[in-house]
Every structure is written in C-alpha cells, then in structure tokens.
Amino acid sequence: MKKSILGAALGNCVHVAGLHHFLMIAESEGYQTSSLGPAVSIERLVKAIQDVHPTIIAVSYRLTPEVAAELFETLRSRLENLGMQSTRMVFGGTVPVCLIAQKSGLFERVFDGHDSVENIKAFLRGEVDRSAIQKPMTDLIGRIEQKYPYPLLRHHYGRPTLEETIEGVKTIAEAGVLDVISLGTDQNAQEHFFRSEEMDHAQDGAGGVPVRTSEQLREIFVASRCGNFPLIRCYSGTRDLIPWAEMSVDTIHNAWGAIPLCWYCVIDGRSQLSLYDSIREKQAAMHWYAERNIPVEVNESHQWSLRDAHDSLGVAMAFLAAYNAKKAGVKNYVSQFMFNTPPGTSPVNDLAKMLAKKELIESLHDDTFTSYREVRAGIAHFSSNPFTASGQLAASAVISLALKPHILHVVGHSEGHHATTASELIQSCNIIHGVLQNCLHGLPDMTFDKDVIARQYELISEAKTLLSAIKMFGAAVSDDPWSDAWVLSNAIKNGILDAPHFRGNPALCGKIITRCINGGWYAIDESSGNPITEQNRLKLVLDSTLVLSANQNNSSI
C-alpha cells in the first residue's frame with residue numbers, strides 16, 4: 001500500500017506555504033499527499049485522520065506559542081480518547097512554536113525551517129538524519145570534501161580576556177554554525193610570545209586574546225570539542241614563525257598555516273625584521289608546514305590592497321604568494337580572495353580581479369600542487385552601523401559565490417564598530433547561511449559578464465608584465481627571481497612593488513600614486529593624473545630596455 005501524508009494548518013493559522021512545500025518534497029519521495037488547507041479545527045483534523053488513515057499527519061502552526069500549547073493539549077486529549085495516541089505526526093512552524101511542539105511530545109519530528117531538503121528526504125525515507133550520523137572531519141581537506149559545494153564557514157575570534165574567549169569558543173562550537181574558528185591572539189603574543197620580557201603589558205588584549213602559555217591554547221582547543229567540533233587555526237605570529245608553528249600544531253591542531261610572504265617586518269611595523277630576513281623566515285615556515293603535509297595559506301595579496309595598491313599589483317602578488325608556497329613544497333594551498341579591498345572597488349572590478357588571481361594561481365596546479373578557494377569580505381568597507389554592515393556582508397558573499405569557494409571567511413557585521421562577540425559571530429554566520437540557502441544553487445553566472453571578462457584579462461596582462469619585470473630585474477643574480485628573497489626585497493625597495501601607504505617609511509619606496517576610477521584601482525601618472533600601464537610605470541622605475549624586454553617575454557608566465 002502506498003504511503004500517504006495528510007497535511008493541515010491547525011486552529012486559525014492560515015499560513016500553508018511551508019506545509020505545501022513539505023508535501024511537495026514528500027511527493028518527490030513517493031508519498032501520496034493531501035491537504036486540508038488553512039485554519040483546520042481539531043475536530044475536522046481528527047475526523048479526516050479517521051477517514052483517510054494516513055501514514056503520517058503533517059501539522060503546521062505559525063502564530064502565538066501560548067495558543068499552540070493549548071491546541072496541542074486539546075489534540076492530544078482527543079486522540080487519546082479515540083485510542084489514536086500512536087498516530088505518527090510531524091510538525092512545522094516558527095522556532096518559538098517548535099519549542100512548544102517538542103515539549104508536547106505529540107510529534108515524531110519537528111521542523112523549524114533549519115533542516116536541509118536532504119535531511120527532510122532522509123526522514124521521509126526512514127533514514128537517520130545525515131547531519132546526526134556524519135561525524136565532522138578533523139582535517140581541512142577532509143572537511144571540505146565532506147561538505148562541498150557548501151563552503152566551510154570560517155570566522156576570526158579572540159576576545160580581550162582568556163576567560164571570555166574560552167567561554168565564547170564553547171558557545172560557538174555548540175551553535176554549530178561555523179566550521180573553522182580562526183583564533184585571534186593579541187599583538188603581544190604574536191610578536192613576543194617566546195620573548196615575554198619584551199612585552200608591553202599595557203597592551204595586553206589589544207587585537208585579540210592574550211595567550212601567554214601553550215597550556216592556555218590547549219584550554220581553548222578543549223573548549224571547542226563540542227557541538228560540531230570546529231577546526232581551530234591561528235595566524236603564524238609576526239616573529240619566531242617556526243616555534244609558533246610547532247606550538248600551534250601541538251596545542252590547537254592548527255588546521256592550516258597562514259603566513260604572509262613580505263609582511264610582518266619593517267614593511268608594516270609588526271616586527272623589526274628587515275624585508276630580506278622576513279621573506280626568508282616566511283619561506284622557511286612554509287617549508288615547515290609542507291614537510292608535515294599541513295595546508296598553507298599565504299595571506300599576501302590583500303595586504304597590498306589594504307595599502308591601496310593598484311589592482312594589477314594585487315594580482316601579481318597573489319601569483320607570487322602561491323608560487324612561493326609551491327616552491328616550498330606545499331601540496332594543498334589555501335588561496336584567499338579578499339573582496340571590497342581597497343574600499344570603493346566595484347563588484348565588476350572586484351570579481352574581475354579575483355578571477356585574474358584565480359587564473360594565475362591555478363596555472364600552477366599539477367600533481368604536486370592544488371589550491372582551495374577562500375573568499376571573504378574586506379573589513380575596511382564595513383559600516384559602523386551593524387544593520388548596514390549586515391547588508392554589506394550578505395551582498396559581498398553573493399558576489400564571491402561566483403568563485404565557487406571551498407571556504408567562506410565570514411567577517412562579523414560588528415567589525416566596523418568593535419571586535420565580534422560570540423553572539424555576534426553566530427548572527428553573522430547565520431546571515432551567510434541564509435545567503436547560501438538562497439544563492440548557492442542556481443545563481444546566474446556573473447563570470448560571463450562582458451565587463452568582468454574584459455577587466456579580468458586586462459589585469460592578467462598587466463600582472464604578467466609586472467611579473468616579467470621582476471624576473472628580468474633579478475635574472476643576473478638568481479636562477480629563480482620569483483622566489484629569491486633578495487630579488488623580492490629589492491623589488492619593493494626600488495618601487496617595482498610599491499603602495500601609497502609606504503610613503504614615509506625609510507625602508508621602502510612609497511612613490512607610487514594610485515586612484516579608484518570607475519570602481520577599479522589604477523596606478524597614476526603623476527604628471528598627467530591619468531592611469532598608467534605597467535609597462536610605462538616600470539619605465540619610470542627601471543631602465544626602459546629592461547621593461548620592454550620583460551613585456552616581450554610575459555607570455556612565458
């Protein structure tokens with residue numbers, strides 16, 4: 001006999017859309033369905049059950065929870081009087097009413113709108129929910145493969161005290177909305193963890209949680225072992241990167257290493273290392289992770305864009321970051337794509353820049369090197385108004401889905417005003433889950449937009465010119481200029497790689513002028529005030545014959 005479901009919106013509730021959709025899913029699973037429609041009295045429902053003898057009764061109610069409690073009690077009493085207390089029933093409604101429905105004990109299953117279609121189908125097939133039986137993987141690549149095309153959600157978290165951070169990590173894990181907690185430690189920890197005598201304790205808690213011992217990191221990890229068991233990771237520290245790597249893997253089982261190529265030194269004041277020594281240290285840290293087959297992210301390109309670098313330079317640095325990771329032996333590479341950076345970047349230019357980065361990075365793919373795409377909104381563009389920022393977060397996520405990301409790095413809607421609390425982090429993740437629910441499948445493909453394509457290939461061409469110039473600049477001193485610390489550090493000092501925010505730093509150049517024009521960031525000719533190509537910009541920095549030769553050879557990239 002064919003299985004059947006009878007549906008009804010109980011009492012004076014006239015909302016039947018959710019019920020209708022549930023019945024449609026049931027039909028796709030082979031059920032025969034019928035609906036009594038809106039505002040069904042208990043007597044009418046009971047009579048229909050007696051007449052039809054359905055396999056399952058689907059009840060919905062979306063109004064006042066207190067009224068729902070009385071309806072459920074009346075329904076229970078009526079069914080018991082008729083000896084029908086074993087009738088299989090399910091319920092769907094708003095979260096407050098669902099809590100009442102669960103307490104009533106009437107319903108075999110309660111749906112509050114958070115269940116995926118696959119989980120609803122699993123129930124109708126008589127299977128246990130996949131979410132309940134599928135244990136989350138404890139490594140990054142395994143977790144990606146377990147969920148893709150649904151991206152892993154990552155969020156930065158670290159409060160000014162250890163106690164609040166531990167409690168918040170537990171709350172976040174129990175909420176089950178996040179796959180990766182990216183632990184933010186304060187600057188004292190990042191720079192001076194292994195040199196505590198150099199700490200300025202007046203700055204404790206500035207920028208993150210003030211961890212001071214490896215045991216404190218273990219306490220944070222233990223707090224995360226509940227809920228959906230999120231992965232934990234942290235940045236590399238800004239000094240003593242290999243000791244940091246050893247400690248983070250030992251204590252929090254660092255899901256992947258996040259290391260810049262050129263930063264955390266005199267370039268940004270986050271340590272006193274020279275450019276050359278800093279690049280060498282970062283390359284050694286990449287190699288350390290690679291030897292242990294731990295994924296690596298080189299968070300480099302957006303650091304330049306945060307300093308108002310022009311777009312083609314940002315694209316070139318994305319390639320160099322991935323190139324250096326591969327050179328260090330990294331097998332699984334996390335490529336971060338920070339949208340909305342610099343502020344004022346339009347969606348067309350943003351997407352074009354990211355697609356250009358993606359194409360150059362993925363040109364490095366082979367049997368030894370694979371990249372995984374991580375997208376995020378740029379923190380600098382967020383409004384201090386949390387409601388406006390929530391809209392910005394959702395809008396940025398929609399655009400970034402065009403890259404089919406493996407990881408979506410959520411930036412809290414509060415970040416334009418203050419560092420995110422655990423409850424705000426959960427809210428922001430739920431905003432992104434809403435975006436994914438609506439947009440993950442069936443979103444028009446923005447990568448085919450003609451303006452996006454034109455800008456994408458313009459940036460690829462300009463980035464190749466810049467990369468070729470670096471190769472020619474270092475050809476006389478290095479067999480591999482793109483991974484040579486001396487070549488890269490001198491390319492920065494001499495202005496081949498330059499950003500406006502470098503002005504005033506005696507260790508850097510800082511002569512370049514950039515400007516946002518029609519949503520894209522361009523290098524500007526100081527004499528004319530107009531955009532300047534990479535070929536012409538580099539003529540002003542280096543010998544013109546060198547640049548022309550580099551331009552002629554850019555097809556080798």
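Now for a description of the structure that goes with this document. (Residues numbered from 1 in each chain as written. Predicted model: local features only at pLDDT ≥ 70, side-chain atom pairs only at ≥ 80, totals over all residues. Heavy atoms only, no water.)

Membership of the largest hydrophobic core comes to 112 residues, with the highest contact counts inside it found for Ile267, Trp304, Tyr333, Leu408, Ile492 and Leu497. Discounting residues that sit within four places of it in the chain, Leu408 has contacts with Pro151, Leu152, Leu153, Arg154, Val375, Ala397, Leu401, Ile432 and Leu436. Counting 28 residues, the second-largest nonpolar core is a separate cluster that includes Cys13, Ala48, Ile49 and Tyr61. (Core = buried A, V, L, I, M, F, W, Y, C linked by side-chain atoms within 4.5 Å. Buried < 20%, exposed > 50% of the residue type's maximum accessible area, 1.4 Å probe, protein only. Contact = heavy atoms within 4.5 Å.)

Before going further, it helps to examine the sheet that holds strand β3 (residues 56-61). The parallel open sheet is built from five strands, whose spatial order is β2-β1-β3-β4-β5. The outermost strands of the open sheet, each flanked by one partner alone, are β2 (32-35) and β5 (109-111). Taken pair by pair, the neighbouring strands of this sheet meet at an average axis angle of 20 degrees, ignoring direction. Relative to β2, strand β1 (residues 4-9) is paired through four bridges, and the arrangement is parallel. Bridge assignment links Ile5 to a residue of β2, and that residue is Thr33. Along the sheet, helix α5 (residues 117-124) contacts β1, β3, β4 (89-93) and β5; its crossing angle with β5, the most-contacted strand, is approximately 160 degrees. (Pairing = 2+ DSSP bridges. Helix = DSSP H or I, 4+ residues; strand = E, 2+ residues; numbered from the N terminus. Axes fitted to C-alpha atoms, helices over the stretch in contact; angles between N-to-C directions.)

Another aspect to go through is the pairing of strand β6 (residues 152-157). The element β6 is largely enclosed, with a buried count of five among its six residues. Judged from the four bridges that link them, β6 and strand β13 (residues 407-410) form a sheet pairing that is parallel. The residue bridging Leu152 from the neighbouring strand is Ile407, located in β13. One ladder, built from four bridges, connects β6 with strand β7 (residues 180-183); its direction is parallel. Each residue of the ladder has a partner; that of His156, found in β7, is Ser182. Running through helix α8 (residues 162-175), the crossover from β6 to the neighbouring parallel element β7 is right-handed. (Right-handed = clockwise from strand over helix to strand, strands pointing away.)

What follows covers the side chain of His413. Position of His413 among the secondary structure elements: in the loop between β13 and α17 (422-439). Among the residues examined, His413 registers a relative accessible area of 8% and is labelled buried. In this view, His413 contacts Pro386, Ala389, Ser390, Glu424, Gln427, Ser428 and Ile431; residues no more than four positions away in its chain are not counted.

What follows concerns unusual backbone geometry. With omega at 15 degrees, the peptide bond leading from Tyr148 into Pro149 counts as cis. In this structure, Pro149 sits in the loop between α7 (140-147) and β6. Cis geometry marks the peptide bond from Thr341 to Pro342, where omega comes out at 0 degrees. Tracing the backbone through its elements, the reader meets Pro342 in the loop between β11 (332-338) and α15 (347-362). Backbone geometry places Phe229, a non-glycine residue, at a positive phi of 50 degrees.

Among the secondary structure elements, Ala328 is positioned in the loop between α14 (311-327) and β11. Considered as a pair, Ala328 and Met286 are 42 residues apart in the sequence and their alpha carbons are 6.0 Å apart. Excluding anything up to four places from it in sequence, Ala328 contacts Gln283, Met286, His287 and Ala290.

A cluster of nonpolar residues, Tyr276, Val477 and Trp486, forms a patch on the protein surface that exposes about 300 Å² of accessible area. Among the structural elements, Trp486 can be located in helix α19 (residues 485-493). Using a relative accessible area of 41% as the deciding quantity, one classes Trp486 as partly exposed. (Patch = residues over 30% accessible without salt bridge, like charges linked within 9 Å, V, L, I, M, F, W, Y side chains within 5 Å. Areas by Shrake-Rupley, 256 points an atom, 1.4 Å probe, with all protein chains shown as cover. Salt bridge = Lys/Arg side-chain N within 4 Å of Asp/Glu carboxyl O.)

With that out of the way, let us pick up the pattern of salt bridges. Under the criterion given, the structure shown has 27 salt bridges. Across the salt bridge formed by Lys147 and Asp179, the nearest N and O atoms sit 3.1 Å from each other. Here Lys147 is found in helix α7, whereas its partner Asp179 is found in the loop between α8 and β7, with 32 residues between them in sequence. When its relative accessible area of 3% is taken as the criterion, Asp179 is described as buried. The salt bridge involving Asp451 is made with Lys450; its shortest N-O contact spans 3.4 Å. Taking the relative accessible area as the measure of exposure, Asp451 reaches 42% and is therefore partly exposed.

Right, let's get into α17. Between the first and last C-alpha of α17 there are 26 Å, a value that for 18 residues agrees with the 26 Å anticipated at 1.5 Å per step. Every buried residue of α17 is listed here: Ala422, Glu424, Leu425, Ile426, Ser428, Cys429, Ile432, His433, Val435, Leu436 and Cys439. In the core, the buried residues of α17 are packed alongside β6, α8, α16 (386-400) and β13. (Expected span 1.5 Å × (residues − 1).)

Purely spatial values, then, with no claim about function.
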